[in-house]
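Observations on chain architecture
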Amino acid sequence: MNLDEKAIQLITKLIRETSAGLIKWKVELPPKTLTTATEDDIHIYFEAEYKEKIIAIFERRSKYFMDEHIFAWTSEDVFAILDHLGNILIEYSQHSPIIKELFNTVRQQVADLDSLLNDLLD
Amino acid sequence: MECLTIVNSYLPQWLVDSGTILGIVGFFITIWLLWEAKQIRNSFIRKARLPEVIKDLSRSSAKLVAHLKNWETEEKEAINQLIISKALIENLIPKVPDLEKKRCKLFVNSVTPRTLFFWTIGSSTVDEDKAWNLYTLLIEVLTMLEQLNKDSKWD
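Residues numbered from 1 in each chain as written. Chains lettered and ligands numbered in written order. Predicted model: local features only at pLDDT ≥ 70, side-chain atom pairs only at ≥ 80, totals over all residues.

**Considerations on the overall build of chain B**
- If you tally the helices and strands in chain B, you get four helices and two strands.
- Walking chain B from its N terminus toward its C terminus, one meets helices and strands in the order α-α-α-β-β-α.
- Counting across all 155 residues of chain B, residues that qualify as buried make up 19%.
- Expressed as a percentage of contacts within chain B between residues at least 6 apart in sequence, the contacts between residues at least 24 apart total 65%. (Helix = DSSP H or I, 4+ residues; strand = E, 2+ residues; numbered from the N terminus. Buried ≥ 20, exposed ≤ 12 C-beta atoms within 10 Å, placed from the backbone. Contact = placed C-beta atoms within 7 Å.)

**Let's talk about the overall build of chain A**
- The helix and strand inventory of chain A stands at four helices and five strands.
- Starting at the N terminus, the α and β elements of chain A follow one another as α-β-α-β-β-β-β-α-α.
- The C-alpha extent of chain A, read off along each of the three principal axes, is 50 × 45 × 30 Å.
- Each of the 122 residues in chain A was classed as buried or not, and the buried ones make up 27%.
- Sequence-distant contacts, at least 24 apart, represent 40% of the contacts inside chain A between residues at least 6 apart.

**What to know about the sheet that holds strand β1 (residues 26-27) of chain A**
All names here are of chain A.
- The antiparallel open sheet is built from five strands, whose spatial order is β1-β2-β3-β4-β5. Strand pairing shows two members of the sheet lacking a second neighbour, β1 and β5 (88-92), which therefore form its edges.
- Alignment of strand β4 (residues 71-82) against β5, held across four bridges, turns out to be antiparallel. From the neighbouring strand, Ile81 faces β5, where its bridge partner is Ile90.
- In this fold helix α3 (residues 97-111) packs onto β1, β2 (41-50), β3 (53-65) and β4, with an angle of close to 75 degrees to the strand it touches most, β4. (Pairing = 2+ DSSP bridges. Axes fitted to C-alpha atoms, helices over the stretch in contact; angles between N-to-C directions.)

**Description of the packing of helix α2 (residues 71-92) of chain B against helix α4 (residues 128-152) of chain B**
Residue and element names in this part refer to chain B.
- Interaxial distance between α2 and α4 falls to 11 Å at its minimum, and their mutual angle equals 35 degrees. Judged by the twist between their axes, the crossing of α2 over α4 is left-handed. Residue-level inspection shows Trp71, Ala78, Leu82, Ser85 and Ile89 of α2 in contact with α4, the latter providing Glu128, Ala131, Leu134, Leu138 and Val141. (Left-handed = near helix turned anticlockwise from the far one by under 90°.)

**Some details on helix α3 (residues 98-111) of chain B**
All names here are of chain B.
- Relative to the 20 Å expected for 14 residues at 1.5 Å per residue, α3 spans 20 Å between its end C-alpha atoms, a close match to the ideal helical length.
- Taken as a whole, α3 has its buried residues at Cys104, Phe107 and Val111. All buried residues of α3 project into a common sector of 60 degrees when viewed along the axis, lining one side. Opposite the buried face of α3, at more than 90 degrees from it, the exposed residues are Asp98, Leu99 and Lys102.
- Each element contacted by the buried residues of α3 is listed here: α2 and α4. (Expected span 1.5 Å × (residues − 1). Arc of directions from axis to C-beta.)

**Quick look at the pairing of β4 of chain A**
All names here are of chain A.
- Where β3 lies against β4, 12 bridges are found, and the strand directions are antiparallel. From the neighbouring strand, Phe58 faces β4, where its bridge partner is Val78.
- In this structure, the hairpin formed by β4 and β5 is closed by a connection of five residues, where Gly86 is found at a positive phi of approximately 90 degrees.

**So, the interface of chain A and chain B**
- Each partner contributes residues to the interface: chain A has 13 residues there, and chain B has 12 residues.
- Where the side of chain A that touches chain B is concerned, the elements lending two or more residues are α1 (3-19) and α3 of chain A.
- Examining the composition of the side of chain A that touches chain B, we find that eight residues originate from one element, α1 of chain A, more than from any other.
- Class assignment for the residues of the side of chain A that touches chain B results in four nonpolar, five polar and four charged. (Nonpolar A, V, L, I, M, F, W, Y, C, P; charged D, E, K, R; others polar.)

**Describing the nonpolar core**
- Core analysis: the largest hydrophobic core is formed by 43 residues, its most contacted members being Ile11, Phe79 and Leu102 of chain A together with Tyr135, Leu138 and Val141 of chain B.
- In terms of residues, this core owes the most to one element, α4 of chain B, which gives nine residues.
- Excluding residues that lie within four positions of it along the chain, Leu102 of chain A makes contacts with Ile11, Leu14, Ile15, Ile57 and Phe79 of chain A. (Core = buried A, V, L, I, M, F, W, Y, C linked by C-beta atoms within 7 Å.)

**A word on the pairing of β2 of chain A**
All names here are of chain A.
- One ladder, built from two bridges, connects β1 with β2; its direction is antiparallel. Across the sheet, residue Lys26 finds its bridge partner in β2, namely Glu47.
- Note: β2 against β3, nine bridges, orientation antiparallel. When the sheet's bridge partners are listed, Glu47 is paired in β3 with Ala56.
- The hairpin turn running from β2 into β3, its antiparallel successor, is two residues long, and Lys51 in that turn takes a positive phi close to 50 degrees.

Written out as structure tokens, the structure is:
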């Protein structure tokens, strides 16, 4: 089994456990290791504790240069495992629908979408 | 009493031998060209069909995971989406290279059991754990197809 397959299996497990309410995610400020000495912008950053490790999912926006001074912003969803000092141990950012799905599941949990919509409808 | 008559060729022996050798070589080249033509045909079909199938599979996998999250009440809908995904992947199997073909077949055989003579390989019942495992397999196939689609732009 290669790294991609293992990452997909882990992320599927996280989707399942998040939707069952077994993992609690929260919005946090990204660790300094992700924001210093880089032009990348971390747009939204979610973090949770899972089996004594910190897992995170975030949207990273980076510059895509078409010429020396001409660039466009691109974005990618990233899943990462960090240690308690905020160092990234593993990063998985390959374009895969599974990361987007985990992002949606986490967003739904953090925003408590059901109650939010119910409140707005009342 | 029968008499065997040998007809002399008008061509020299070395020319006859060369012709025979070239004929054999030509036969193998024809087989190779037929194989190449099949590969090119599959590559064209892939270019045309892969983006559409990926779109349909992504839609199906998104619906599947939504039903999986509510397995107790939406079990039937989840199984329906698995069957739709299986049909889409089955359609793709003859058109993809060997590595992807293997992964696609694994998914198809996991959704429905195979029958070999009198034996049935695999289980036909899908419980919650199996459904989540099938979703993982589906995502692996989808990721692989997306990469193949990117590669095929360079064919």
